[in-house]
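As a plain string of letters, each chain reads:
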Amino acid sequence: MGVFYDYYRAADRAAAIVQPEHSRDVADASLGVPEFDVVVTKWIDPVVVLGQLVAFAGQVDYAVGLVGIVELYPPPEGAPRSDEEWDALPEDSPYREGPGIMELSAQTRDMLAGVDDARLPMLAEQWAAIEEFSHFTDDDDGYMLSLTKDLVGLARRARENDQLLYCWCCL
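Bear in mind the structure is a predicted one, so any value in this text is a computation, not a measurement. (Residues numbered from 1 in each chain as written. Predicted model: local features only at pLDDT ≥ 70, side-chain atom pairs only at ≥ 80, totals over all residues. Heavy atoms only, no water.)

**Brief notes about the packing of helix α5 (residues 106-113) against helix α7 (residues 143-160)**
Right, so step 1: At a minimum axis distance of 8 Å, the contact between α5 and α7 shows a crossing angle of 120°. As judged from the angle between their axes, α5 and α7 are oblique. In the packing of α5 onto α7, the handedness of the crossing is left-handed. On the side of α5, the interface is formed by Arg109, Asp110, Leu112 and Ala113, while α7 contributes Val152, Ala155, Arg156, Ala158 and Arg159.
Right, so step 2: Grouping the amino acids of the contact of α5 with α7 by side-chain chemistry returns five nonpolar, no polar and four charged. (Axes fitted to C-alpha atoms, helices over the stretch in contact; angles between N-to-C directions. Helix = DSSP H or I, 4+ residues; strand = E, 2+ residues; numbered from the N terminus. Parallel < 35°, antiparallel > 145°, perpendicular 65-115°, else oblique. Left-handed = near helix turned anticlockwise from the far one by under 90°. Contact = heavy atoms within 4.5 Å. Nonpolar A, V, L, I, M, F, W, Y, C, P; charged D, E, K, R; others polar.)

**Regarding α5**
Right, so step 1: Taken together, the buried positions of α5 are occupied by Thr108, Arg109, Met111, Leu112 and Ala113.
Right, so step 2: Where α5 is buried, its residues touch α2 (49-58), α7 and β5 (164-170). (Buried < 20%, exposed > 50% of the residue type's maximum accessible area, 1.4 Å probe, protein only.)

**Description of the packing of α2 against helix α6 (residues 120-128)**
Right, so step 1: Interhelical geometry of α2 versus α6 gives an angle of 140° and a closest axis separation of 10 Å. In this view, α2 runs oblique relative to α6, as classed from their interaxial angle. The chirality of how α2 crosses α6 is right-handed. When α2 is examined against α6, the residues Val49, Gln52, Leu53, Phe56 and Ala57 are found in contact with a partner set consisting of Leu123, Gln126 and Trp127.
Right, so step 2: Classifying every residue of the contact of α2 with α6 gives six nonpolar, two polar and no charged.

**As for the environment of glycine 100**
Right, so step 1: Of note, glycine 100 is situated in strand β4 (residues 100-103).
Right, so step 2: Residue glycine 100 is classed as buried on the basis of its relative accessible area, which comes to 9%.
Right, so step 3: Considered as a pair, glycine 100 and proline 20 are 80 residues apart in the sequence and their alpha carbons are 7.5 Å apart.
Right, so step 4: Among residues more than four places away in sequence, those in contact with glycine 100 are Tyr73, Pro74, Cys167, Trp168 and Cys169.

**Thoughts on α7**
Right, so step 1: Taking 1.5 Å of rise per residue, the 18 residues of α7 would be expected to cover 26 Å, and the 25 Å separating its terminal C-alpha atoms lies within 8% of that figure.
Right, so step 2: Turning to α7, its buried residues are Met144, Leu147, Thr148, Leu151, Val152, Gly153, Leu154, Ala155 and Ala158.
Right, so step 3: Of the surrounding elements, those touching the buried residues of α7 are β1 (4-10), β2 (38-42), α2, α5, α6 and β5.
Right, so step 4: Just beyond α7, the residue with positive phi is aspartate 162, at close to 55°. (Expected span 1.5 Å × (residues − 1).)

**Quick word on the nonpolar core**
Right, so step 1: Among the nonpolar cores identified, the biggest contains 33 residues, and Tyr7, Ile44, Leu50, Trp127 and Leu151 are the most heavily contacted of them.
Right, so step 2: Counting only elements with at least two residues in this core, the list comes to β1, α2, α5, α6, α7 and β5.
Right, so step 3: No other element matches α7, which puts seven residues into this core.
Right, so step 4: By size, the runner-up hydrophobic cluster in this structure holds nine residues, among which are Tyr8, Ala16, Phe36 and Ile101. (Core = buried A, V, L, I, M, F, W, Y, C linked by side-chain atoms within 4.5 Å.)

**Here's the deal with the pattern of salt bridges**
Right, so step 1: One pass over the structure, following the stated rule, counts five salt bridges.
Right, so step 2: One salt bridge in this structure joins aspartate 37 and arginine 9, with 2.7 Å as the shortest N-O distance. With aspartate 37 in the loop between α1 (13-16) and β2 and arginine 9 in strand β1, the pair connects residues that are 28 residues apart, well separated along the chain.
Right, so step 3: Of the charged contacts in the structure, one is a salt bridge between glutamate 103 and arginine 13, with a shortest N-O distance of 2.8 Å. Placement of the pair is glutamate 103 in strand β4 and arginine 13 in helix α1, with a sequence separation of 90 residues.
Right, so step 4: By sharing partners, the salt bridges in this structure join Arg9, Asp37 and Arg157 into a single network. (Salt bridge = Lys/Arg side-chain N within 4 Å of Asp/Glu carboxyl O.)

Below, the structure is given as structure tokens:
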């Protein structure tokens, strides 16, 4: 199965969390789900896997807090604070399995947006070599380059429109 991650841009936090239970990839006006500029991924979590792409893009050392995530949904102020509260959550609580929405820092956006096009193939090659991708076969179809270009392009459009990047994830 795996975890799905939708990376997208939005005007602000309120726009980013509209209809949080719905994928950012599927607009549905009847449900109030707007159309987002989105890159759909699987297994590309924002902290470790995307974080390493950001480190390569910015030519800095990777660190767990590099991406600068702010949890938006489910609201952190409602999160269980004890084992008893956790056990009392209903099975369908978003605190258990999601979905979740995170805001990525402006620094993350700018590091990705600032990558020169000529560096994209090398960047994709570096990223493809990380340990988290070691169980995948060779990238003969150019998927990693395509994904790298998509994420960099999304970051550029976010920066051009004075927006931030967000990540919607669901198990």
